[in-house]
Structures are given as C-alpha cells and as structure tokens.
Amino acid sequence: MQIRPLLLVLTLALSGIQATHADEPRQRVAMSVASSESPSNGDVGNDYVSAAEQLVDQALTYLGVRYRFGGTSPETGLDCSGLVLNVFRNAIGFDLPRTAAEMSRLGDKIGRQELKPGDLVFFNTMRRAFSHVGIYLGDGKFVHAPSSGGKVRVEALSSSYWSKRFNGARRLIDEDSSATADSFAAIR
C-alpha cells in the first residue's frame, strides 16, 4: 500500500485543512477519509476502503490509454490483464499474474450482487472462460482495456454485451485484514 498519499490525507483530515488537488479522484479519497468517523490508520475497515479507493483511483488514471495485445506499458499500450496488473502494482504494491485466466484463480470468488470497488470482473469474450478482465468501480461500472483499436474505458456491467459474457468475479483484498502485500501473498 502506498503510505505517503494515505498519510497526507490523514494529516489533512486531522488538522482540518481542506486541500486542493489537481486530480479529482484524489479529492474523492480525501473527502471520504476525512468524513469517516475514525480516521485511524490501524482500522481494518479503513485499510480495506483505502486500498479499494486507491485501486479505483489508479485505474481511472489509465482512461484513454490505447489497447495493445500483450501490452503491459501505458506508454505503448495495455491489454486487459496488463491494465489490471499495472493498477494493482502501482496502487497497492500487489504483483499479479500476467493473464486474465491466471488472475481468475486468485482471491475469493464472489457473486455479482456482492461486488465492491476494486474487485476483478471476468468475461468470456473469446469463447473461453476468463478471457477478459476488468476492475469493478462501483455503481454497476467497470474499467477495462477493451480490444484492438479501443482505449481504456468505463462501461456498465448491465449492458447487453457485457451482461451476457459475465463470467464471475474475485476479491483480492481481504476485508478482514489490512491490505498489505503479506495478506495478498496468503491468497496466492
């Protein structure tokens, strides 16, 4: 987990100073943490919420990056799993396997009704299970790197295309412990 942004937010929340951020997603983190009843860094619930917010915020920074099959770099292009592994590595320090199918074996299996921001959502887009992956954002939306000629974008799970191809979801962040690399290693 990246400590500096969390410490900055906690410091601002405790001092009562309202910061102006250049990027809107960081404002959402500051406002949600500042408005929580217990801004304690040691609170397990806050750790989970913080990790999920960092994942969502990081994922949104890739909007508009072009799709490239096998791509793992935002500079040259990303495919679906390249996007997810970049988000998890840069937001919370988790190194994921390279393919959507490998990612589908991690964490806890969850139902569509149980989805929370930061969960992985999987789709059958190539006539095989778990051939596409995205990150759930909340409110029925997910972010993904779609296909050749496309760019990283947000879409609705309820759209007819994605709804028909939904393959399942996995939660990689343990709600019952802090979101650390050690807790992630335990689920691998």
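Every value quoted in this text rests on a predicted model; they were computed, and no experiment measured them.

Describing the overall build of the protein
Okay, step 1: A count of helical and extended segments in the protein gives seven helices and eight strands.
Okay, step 2: Relative to its full complement of 188 residues, the protein shows a buried share of 45%.
Okay, step 3: Sequence-distant contacts in the protein: of pairs separated by 6 or more residues, those separated by 24 or more amount to 55%.

Details of unusual backbone geometry
Okay, step 1: Of note in this structure, Phe130 is not a glycine but carries a positive phi near 55°.
Okay, step 2: By the secondary structure assignment, Phe130 is in the loop between β4 (120-123) and β5 (132-138).
Okay, step 3: Despite not being glycine, Asp139 has its phi angle at roughly 55°, a positive value.
Okay, step 4: Residue position: Asp139 is located in the loop between β5 and β6 (141-144).
Okay, step 5: Take Asp139: its relative accessible area is 80%, and that puts it in the exposed class.

Description of the pairing of β5
Okay, step 1: With seven of seven residues buried, β5 is to be regarded as a mostly interior element.
Okay, step 2: One ladder, built from three bridges, connects β5 with β6; its direction is antiparallel. Bridge pairing links Ile135 to Val143 in β6.
Okay, step 3: Taken together, β5 and the strand that follows it, β6, pair antiparallel across an intervening segment of two residues, in which Asp139 is found at a positive phi of about 55°.

Some points on the pattern of salt bridges
Okay, step 1: Applying the stated criterion to the full structure yields four salt bridges.
Okay, step 2: A salt bridge links Arg98 to Asp79; the shortest N-O distance between them is 3.0 Å. Residue Arg98 is located in the loop between α4 (80-92) and α5 (100-103), and its partner Asp79 is located in the loop between β2 (77-78) and α4; the two are separated by 19 residues in the primary sequence.
Okay, step 3: Between Asp95 and Arg89 there is a salt bridge, with its nearest N and O atoms 2.7 Å apart.
Okay, step 4: You can call Asp95 partly exposed: its relative accessible area is 40%.

Things to note about the packing of aromatic side chains
Okay, step 1: On inspection of all chains with the given rule, the structure shows seven aromatic pairs.
Okay, step 2: On the basis of an interplanar angle of 75° and a centroid distance of 5.9 Å, the ring pair of Phe123 and Phe166 is categorised as edge-to-face. On the criterion of sequence distance, the pair formed by Phe123 in strand β4 and Phe166 in strand β8 (residues 166-171) is long-range, its members being 43 residues apart. Pair check on accessibility: Phe123 and Phe166 agree, each one buried.
Okay, step 3: An aromatic cluster of at least three residues, connected via ring pairs, comprises Phe123, Phe142, Tyr161, Trp162 and Phe166.
Okay, step 4: Lying over the aromatic face of Phe166, Arg112 brings its terminal NZ or CZ to 4.2 Å of the ring centre.

A look at α4
Okay, step 1: When the terminal C-alpha atoms of α4 are compared, their 18 Å separation across 13 residues agrees well with the 18 Å that a helix rising 1.5 Å per residue should span.
Okay, step 2: Of all 13 residues making up α4, eleven are buried, and the element is well covered by its neighbours.
Okay, step 3: Restricting attention to buried positions, one finds in α4 the residues Cys80, Ser81, Gly82, Leu83, Val84, Leu85, Asn86, Val87, Phe88, Ala91 and Ile92.
Okay, step 4: Phi for Gly93, located one or two positions after α4, is positive at around 75°.

Criteria and thresholds
- Residues numbered from 1 in each chain as written.
- Predicted model: local features only at pLDDT ≥ 70, side-chain atom pairs only at ≥ 80, totals over all residues.
- Heavy atoms only, no water.
- Helix = DSSP H or I, 4+ residues; strand = E, 2+ residues; numbered from the N terminus.
- Buried < 20%, exposed > 50% of the residue type's maximum accessible area, 1.4 Å probe, protein only.
- Contact = heavy atoms within 4.5 Å.
- Pairing = 2+ DSSP bridges.
- Salt bridge = Lys/Arg side-chain N within 4 Å of Asp/Glu carboxyl O.
- Phe/Tyr/Trp six-rings, centres within 6.5 Å; stacked < 30°, edge-to-face > 60°.
- Lys NZ or Arg CZ within 6 Å of the ring centre and 35° of its normal.
- Expected span 1.5 Å × (residues − 1).

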